[in-house]
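Here's the letter readout for the chains.
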Amino acid sequence: MINRRELFGAGAALAAGQLARAQAPKELVISSANGLAACKKAMEMVKAGADTLDAVVAGVNIVELDPHDNSVGYGGLPNEEGVVELDASVMHGPTRRCGSVASIRSIKTPSNIAKLVMEQTDHIMLVGDNALRFAKAMGYKEEDLLTEESRLAWMTWKLSLRDKSGHNNWGPGVDAPPKRRTSELKQLFPHADDKLLAWAMEMAMHPPTGTINCLALNAKGEMSGTTTTSGLAWKIPGRVGDSPIIGAGLYVDQDYGGAGSTGRGEENIRICGAHTIVENMRHGMTPKEACLDALKRISRNFDNDKTRLGQFDINFYALRKDGLYAGASLWKGQEHRARFAVNDGGESRHEDSIYLYER
Ligand code: GLY
């Protein structure tokens, strides 16, 4: 027998379906805050009639190839051994297909390889050396992904490690006169200015989990999404975050909408965030309500203890098939941290994300 709650759920799902059919779809691209250029590129392609997945992948390629975005692709911060390892996923609404790669090295645009896994294989996910082998079979060349900037940040992190007595083998010997850490760095990187060194120190002390998620909707109501990242800086080699996990870092249901995430992937995996958000929208929630519910689930995993929750950031992005969208963050944050990028046909802009907690 169906109980009242199930009846309500079924009704809400139906209502969302009717809503999706009743309203004219809008052309829209949204992404994490680092995706202004990605949204612009994707929108240009959507307007020109390109497939929505081709559009979002071309959009995030800009960020993957940007050596100055240290959270994605070329120039992404490396693992603890100084090797850049990338994760990416794609999901194509109209065909309901998806693909992903995890821990792939030496390829600047892992979103392309995830798309090839979707298009050219009967599998969904390839990892590590074998993902690279697949990329090479598809004609991609191995490249060094470590930039001088990310090498500097990695070495700064290594220098910051200390044993109980404050010693670190990566520094002047015990017989050397005492030196301040910044002067150690200056010796190692004489070409680096103070601003670059301060940035490297910040990265060493607070390892970031940047990423880009990008979702698109075209005038026909077709949707796709992609998420691509270099993952957590200084991670243990082989660590995989949420970005390549279909249902965590990315999910698209052509009938209802898409969602994605950036930030600490471990917490997102534990609640299957993107799938949870799309399911919430399927049951009638707005994108804002759907994202807030996902954030509350993360908070619940920590018994709503703000001290522990305060140790990380996580962000969600949701785009419903009727064109309603939202960005949402666990913390209000500062500057760009609680914003996301939107393009509805003109120039890309930042909009404020909603948030669960204020620091
Ligand atoms: N969300 C990116 C990561 O945790 O790897």
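Residues numbered from 1 in each chain as written. Predicted model: local features only at pLDDT ≥ 70, side-chain atom pairs only at ≥ 80, totals over all residues. Heavy atoms only, no water.

Even after reading the chapter, I still don't get the overall build of the chain, so can you show me in this structure?
A tally of helices and strands in the chain yields 12 helices and 13 strands. Taking all 359 residues of the chain together, 53% fall into the buried category. Counting only contacts in the chain whose residues sit at least 6 apart along the sequence, the fraction spanning at least 24 positions is 67%. For the chain, the computed accessible surface area is about 16,400 Å², with 52% contributed by carbon and sulfur atoms. (Helix = DSSP H or I, 4+ residues; strand = E, 2+ residues; numbered from the N terminus. Buried < 20%, exposed > 50% of the residue type's maximum accessible area, 1.4 Å probe, protein only. Contact = heavy atoms within 4.5 Å. Areas by Shrake-Rupley, 256 points an atom, 1.4 Å probe, with all protein chains shown as cover.)

Looking at this structure, how should I read the nonpolar core?
Soluble, globular proteins show a tendency: their nonpolar side chains are buried together. Within the largest apolar cluster, 37 residues are counted, with the highest numbers of intra-cluster contacts made by Val29, Val101, Ile104 and Ile113. Those elements that provide at least two residues to this core are α2 (36-47), α3 (52-64), β2 (86-92), β3 (97-104), α4 (110-120), α5 (128-137) and β5 (212-217). With seven residues, α3 is the largest single contributor of residues to this core. Those residues in contact with Val101 that sit more than four places away from it in its chain are Leu86, Asp87, Ala88, Pro110, Ile113, Ala114, Val117, Leu126, Ala131 and Pro244. (Core = buried A, V, L, I, M, F, W, Y, C linked by side-chain atoms within 4.5 Å.)

Can you walk me through the pairing of strand β10 (residues 325-331) in this structure?
Consecutive side chains of a regular strand alternate in pointing toward one face of the sheet and then the other. Most of β10 is tucked away, with seven of its seven residues classed as buried. Pairing of strand β9 (residues 314-320) with β10, which is carried by five bridges, proceeds in the antiparallel orientation. From the neighbouring strand, Asn315 faces β10, where its bridge partner is Ser329. Hairpin remark: β9 followed by β10, antiparallel, with four residues in the connecting loop; positive phi at Gly323, about 95 degrees. Sheet topology places β10 next to strand β13 (residues 354-357); three bridges connect them, and they run parallel. (Pairing = 2+ DSSP bridges.)

Looking at this structure, I do not really get the site of the ligand. What am I missing?
In the region of the ligand, nine residues are neighbours, and Thr211, Arg239, Asp242, Gly263 and Gly265 sit closest. In this structure, a nitrogen atom belonging to the ligand sits 2.6 Å away from a side-chain N or O atom of Asp242. The contact in question runs from an oxygen atom of the ligand to an N or O atom on the backbone of Gly265, over 2.8 Å. Calculation on the ligand without its partners gives an accessible area of 200 Å², and the protein chains cover 100% of this total. Looking at the shell around the ligand, its residues break down into no nonpolar, seven polar and two charged. (Near = heavy atom within 4 Å. Polar contact = N/O pair within 3.5 Å; in protein donor to acceptor, adjacent residues only side chain to side chain. Nonpolar A, V, L, I, M, F, W, Y, C, P; charged D, E, K, R; others polar.)

Before we go on, may I ask you to explain α2 in this structure?
Given 3.6 residues per helical turn, the α-helix brings residues three or four places apart onto the same face. Over its 12 residues, α2 runs 17 Å from end to end, which matches the ideal 16 Å to within 8%, given 1.5 Å per residue. Summarising the contacts, the buried residues of α2 are in contact with β1 (28-32), α3, β5 and β11 (339-343). Gly49, located one to two residues past α2, shows a positive phi value of around 95 degrees. (Expected span 1.5 Å × (residues − 1).)

Quick question: what am I supposed to make of the confidence of the model for the chain here?
For any part of a model where pLDDT is low, the fine detail of the predicted coordinates should not be relied upon. Of all residues in the chain, 89% have pLDDT values of 70 or greater, and the mean over the chain is 89. Below a pLDDT of 50 lies the segment residues 1-21, which in the model reaches 18 contacts outside its immediate sequence neighbourhood of four places, other chains included. (pLDDT = per-residue confidence, 0-100.)

Explain a nonpolar patch on the surface here, please?
Judged by side-chain polarity, Ile124, Met125 and Val127 come together as a nonpolar surface patch covering roughly 250 Å² of accessible area. The residue Met125 is located in strand β4 (residues 125-127) in this model. (Patch = residues over 30% accessible without salt bridge, like charges linked within 9 Å, V, L, I, M, F, W, Y side chains within 5 Å. Salt bridge = Lys/Arg side-chain N within 4 Å of Asp/Glu carboxyl O.)

Hey, could you run me through the environment of Ser111 in this one?
Within the secondary structure layout, Ser111 lies in helix α4. Sequence separation between Ser111 and Ser100 is 11 residues; the distance between their C-alpha atoms is 7.7 Å. Once you skip the residues sitting within four places of it in the chain, Ser111 turns out to touch Val57, Val60, Asn61, Glu64, Ala88, Val90, Thr226 and Thr228. At 3.5 Å, the side chain of Ser111 forms a polar contact with the side chain of Asn112.

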